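What follows is each chain in one-letter form.
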Amino acid sequence: MRRRLVDRCPWLRAPHRLAGRAFAMALAVALIVTSCKKPQDGIRVGLIGPFSGPFSTLGGEMEAGVKAYLKQHGDAAGGKRIEVLVRDTTGPSPEIAKRLAQELVVRDKVDFLAGFGLTPEALAVAPIATEAKKPMIVMNAAASTVTTKSPYIARVSFTLPQVTAPLAIWAARHGVNAVYTLVSDYGPGIDAESQFKKTFAAEGGRILDSVRVPLQNPDFAPYIQRVKDAHPEAVFAFLPAGEQGVAFFKAFQERGLAQAGIKLLATGDVTEDQQLDALGPAALGAVTTHHYSVAHDSPENKGFLAAFRDANGDRMRPNFVAVGGYDGMAAIFAVCEKLGGVIDGDRAMAVLAGMSIQSPRGPIVIDRDTRDVVQTVYVRRVETEGGKLANVEFEQFPAFRDPGK
Ligand code: PHB
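Nothing here was measured: the structure is a model prediction, and the numbers come from that model.

Digging into the site of the ligand
Within the structure, the ligand sits among 15 residues, and Thr 119, Ala 142, Tyr 186, Ala 241 and Asp 269 are positioned closest to it. For the ligand, an oxygen atom lies 2.7 Å from a polar atom in the side chain of Tyr 186. About the coverage of the ligand: the protein hides 100% of its 280 Å² of free accessible area. When residues of the shell around the ligand are assigned to domains, at least three map to each of domain 1 (2–8 + 15–29 + 39–158 + 300–371) and domain 2 (160–290 + 377–400).

Let's talk about the sheet that holds strand 6 (residues 153–155)
Neighbouring strands of a sheet are bound in pairs by backbone hydrogen bonds; such pairs are parallel or else antiparallel. Pairing is mixed across the open sheet formed by six strands, whose spatial order is 2-3-1-4-5-6. Among the strands making up the open sheet, the edge pair consists of strand 2 (76–77) and strand 6. By the bridge criterion, three bridges tie strand 4 (residues 112–115) to strand 5 (residues 136–138) in an arrangement that is parallel. By the bridge assignment for strand 5, Gly 115 is matched with Val 138.

Describing the pairing of strand 13 (residues 362–366)
Pairing of strand 12 (residues 356–359) with strand 13, which is carried by four bridges, proceeds in the antiparallel orientation. Directly across from Ser 356, in strand 13, lies its bridge partner Val 365. Linking strand 12 to strand 13, which pair antiparallel, is a turn of two residues. As defined by bridge partners, strand 13 adjoins strand 14 (residues 373–385) across three bridges and the pair is classed as antiparallel. Its bridge partner being in strand 14, Val 365 is matched across the sheet by Val 374. Between strand 13 and the antiparallel strand that follows it, strand 14, lie six residues; Arg 371 among them carries a positive phi value of about 60°.

Overview of the pairing of strand 11 (residues 287–290)
Alternating positions in strand 11 separate into two faces, Val 287 and Thr 289 on one and Thr 288 and His 290 on the other, with burial throughout. Both strand 10 (residues 263–267) and strand 11 contribute to a ladder of three bridges, which runs parallel. Note on strand 11: the bridge partner recorded for Thr 267 is Thr 289. Inspection of the sheet shows strand 11 paired to strand 14 by four bridges, in the antiparallel sense. When the sheet's bridge partners are listed, Val 287 is paired in strand 14 with Arg 381.

A few points about the domain arrangement of the protein chain
Parsing the protein chain into structural domains produces domain 1 (2–8 + 15–29 + 39–158 + 300–371) and domain 2 (160–290 + 377–400). Distance between the C-alpha centres of domain 1 and domain 2: 29 Å. Facing the 19 residues of domain 1 at the interface are 22 residues of domain 2. Between domain 1 and domain 2, a total of about 1600 Å² is buried, with carbon and sulfur atoms accounting for 59% of that surface.

Structural notes on unusual backbone geometry
In this structure, Pro 92 follows Gly 91 across a cis peptide bond, with omega equal to 25°. Not every positive phi belongs to a glycine, and Asn 217 is a case in point at roughly 45°. Among the residues examined, Asn 217 registers a relative accessible area of 68% and is labelled exposed. Although it is not a glycine, Ala 399 sits at a positive phi angle of roughly 40°. Residue placement: Ala 399 occurs in strand 15 (residues 388–400).

Side note on the packing of aromatic side chains
Applying the stated criterion to the full structure yields 14 aromatic pairs. With 5.8 Å between their ring centres and 85° between their planes, Phe 397 and Phe 400 make a pair best called edge-to-face. Grouping aromatic residues by their ring pairs yields a cluster made of Tyr 69, Tyr 292, Phe 304, Phe 308, Tyr 326 and Phe 333.

Overview of helix 11 (residues 299–312)
The end-to-end C-alpha distance of helix 11 is 20 Å, a good match for the 20 Å that 14 residues give at a rise of 1.5 Å each. Of all the residues in helix 11, the buried ones are Asn 301, Phe 304, Leu 305, Ala 307, Phe 308 and Asn 312. Seen end-on, helix 11 carries its buried residues on one side only, within an arc spanning 165°. For helix 11, the exposed residues set more than 90 degrees away from the buried face come down to Pro 299, Lys 302 and Asp 310. Packing partners of the buried residues in helix 11 comprise helix 3 (56–73) and helix 12 (320–338). Positive backbone phi, at 80°, marks Gly 313, one or two positions downstream of helix 11.

Thoughts on helix 12
With 19 residues, helix 12 extends 27 Å between its outermost C-alpha atoms, agreeing within 8% with the 27 Å of an ideal straight helix rising 1.5 Å per residue. Where burial is concerned, most of helix 12 is hidden: 16 out of the 19 residues are buried. Between the side-chain oxygen of the N-cap and the backbone nitrogen of Val 321 there are 2.8 Å, and the N-cap of helix 12 in question is Asn 319. The positive-phi residue at the C-terminal boundary of helix 12 is Gly 340, with phi of around 60°.

Topic: the pattern of salt bridges
Summed over the entire model, instances satisfying the criterion amount to 17 salt bridges. Across the pair Lys 250 and Glu 254 runs a salt bridge, and its minimum N-O distance is 3.4 Å. In this pair, Lys 250 and Glu 254 both sit in helix 9 (residues 244–254), four residues apart, roughly one turn of the helix. Residue Glu 254 is classed as exposed on the basis of its relative accessible area, which comes to 59%.

Section: the confidence of the model for the protein chain
Per-residue pLDDT for the protein chain averages 93, and the proportion of residues at 70 or more is 90%. In the model, residues 1–18 has pLDDT below 50 throughout and makes 30 contacts with residues more than four positions away in sequence or in other chains.

What counts, and at which threshold
Residues numbered from 1 in each chain as written. Predicted model: local features only at pLDDT ≥ 70, side-chain atom pairs only at ≥ 80, totals over all residues. Heavy atoms only, no water. Near = heavy atom within 4 Å. Polar contact = N/O pair within 3.5 Å; in protein donor to acceptor, adjacent residues only side chain to side chain. Areas by Shrake-Rupley, 256 points an atom, 1.4 Å probe, with all protein chains shown as cover. Domains from an automatic or database assignment. Pairing = 2+ DSSP bridges. Helix = DSSP H or I, 4+ residues; strand = E, 2+ residues; numbered from the N terminus. Buried < 20%, exposed > 50% of the residue type's maximum accessible area, 1.4 Å probe, protein only. Contact = heavy atoms within 4.5 Å. Buried area = accessible area lost by both parts, 1.4 Å probe. Phe/Tyr/Trp six-rings, centres within 6.5 Å; stacked < 30°, edge-to-face > 60°. Expected span 1.5 Å × (residues − 1). Arc of directions from axis to C-beta. Salt bridge = Lys/Arg side-chain N within 4 Å of Asp/Glu carboxyl O. pLDDT = per-residue confidence, 0-100.

Here it is, written out as structure tokens:
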């Protein structure tokens, strides 16, 4: 009788206790032990992200984007069925992300690691991708350093410096001279703050002061008051996508920043499409920069929006994280096709390097050397379109890369 792999390998029962050398050993043993994956098995993609907890929007959107891709293109590539194994970090939780990645590699024998809504979780999994030689497709996590942490990482989403630099340039060239920055206090926020300061200063602008708010459940009122008291011409903000934008705009309105003549400049995370209706009229006129807007006019975006509705129903609204999930699957499908369904980590990375995708956001390229995404960054304004708020694109920075790379 065939024994289950967990019976043959007791260490699999407590994978969370494995770390570093122990994981390497487990991996080596797993490669020798008769595989539970039969040759006719499909290709497995482990989708790791926060699907519950305070950042569940990220996981939910990513998975909805993955489903939209499968709905539109079917679930086979390179002659194999593509199977997606969803794993919830409940995060932000780098420890859980790491344990889930170990289990996916050792027990579930995935061919790809994918997902990663939050930077700290992507960073925690990077060493596992390296050790296991598994391609790791980053569908959202956007701190600049992520792709430098493993040669097996390719990113299809964006980086904070990439979307922030164009905003600093645009603001300085449109009469904004004095700015206060407000960001979430972790990697992506610090990236956004640093890049805004650097580019805005290079363009002749002046930073009055900067404040960082806690990543989880920030109470914006005291921070917004501090911004108001400094009398800037504008505030530059980055907050992770999800409900924080709503709380931010509430405080912005309650403290009367617009009445005080303070403009809002932000990365598109703050006015992301899924939450846009909930932001209300306070968001009108905010200028943001980002790589994707639901309002983007292209046949690819129309196709994406139709597939998204088909796969997820009318209740769920897409945003840029969903597009990350969708394009991540496009990259995985392209690798599977090119390699005829036999996935080897190094060969997969060679296919990913330099890959172009016609994304719903416009054309994107995975840079050959950095494995990071190069794409158009759009300047948008929150306006009413057809009775609803929309991020309306009005200027663009084509083929824009992370300025540090
Ligand atoms: C990240 O943690 O990298 C992250 C999360 C949400 C965003 C952007 C970046 O909107």
